Amino acid sequence: MFDFLKTKKNYENVNASSFKQLIDETPNAVVLDVRTAAEMRSGAIKGAINIDLMGADFQQKIAKLDKSKTYFVYCRSGNRSGQACKMMGNSGFEHVYNLSGGMMSWPY
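Residues numbered from 1 in each chain as written. Predicted model: local features only at pLDDT ≥ 70, side-chain atom pairs only at ≥ 80, totals over all residues. Heavy atoms only, no water.

Enquirer: Break down the environment of Ile45 for me, citing the residues and quoting the values.
Expert: Relative to the helices and strands, Ile45 resides in the loop between helix H2 (37-41) and strand S3 (49-50). Ignoring sequence-local partners within four residues, the contact set of Ile45 consists of Phe19, Val31, Tyr74, Leu99, Met103 and Trp106. (Helix = DSSP H or I, 4+ residues; strand = E, 2+ residues; numbered from the N terminus. Contact = heavy atoms within 4.5 Å.)

What follows is the structure, given as C-alpha cells:
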C-alpha cells in the first residue's frame, strides 16, 4: 500500500570480517574512505582512496568513478559510509558494500 515509502536499498551492509574477505576476494576492488583527510591520517584501510562525504565536491568525484567496479565504502562508524553507499546506488553503482560499524569495528 505504501510502496512509495520503500526505497530500494542498492548496497549491502557487511561486518568487518566479511568486508575484509570480500576485499581480498574481489579483483580490482576499490576501497573508499568517506571520512575527512584528517580522520584518514589517523588510520585507514590499506589502499583506500579518500573522498570526503562532507566535501562540497563529493557528488562530482563519485560521478567520475567507474560504475562497473566493486566498491567497499567505510567511515568512522558506518553512518556516513551508509549515506555514501545510498548515493552511489542511486547514481547507478551496482556493487557497493558498506562496512557496518565503520573503522570502530575494524580490528585488522
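Enquirer: Provide a residue-level description of helix H1 (residues 16-25), including the pertinent values.
Expert: Looking at H1, one finds that the buried residues are Ala16, Phe19 and Ile23. Projection of H1 onto a plane perpendicular to its axis shows the buried side chains occupying an angular sector of 60°, all on one side. Exposed side of H1, more than 90 degrees from the buried face: Asp24 and Glu25 are the residues found there. Against strand S1 (12-14), strand S2 (30-33), strand S4 (71-74) and strand S5 (96-99) lie the buried residues of H1. (Buried < 20%, exposed > 50% of the residue type's maximum accessible area, 1.4 Å probe, protein only. Arc of directions from axis to C-beta.)

Enquirer: Report on the environment of Val34, specifying residues and quantitative values.
Expert: Along the chain, the position of Val34 falls in the loop between S2 and H2. Put simply, Val34 and Asn50 are 16 residues apart on the chain and 5.9 Å apart in space, counted from C-alpha to C-alpha.

Enquirer: Residues and numbers for the sheet that holds S5, please.
Expert: The five strands lie next to each other as S1-S5-S4-S2-S3, forming an open sheet whose pairing is parallel. The open sheet is flanked by S1 and S3, the only strands paired with a single partner. Alignment of S4 against S5, held across three bridges, turns out to be parallel. Paired with Tyr71 across the two strands is Val96, which belongs to S5. (Pairing = 2+ DSSP bridges.)

In short, shape yes, function no, at least from these values alone.
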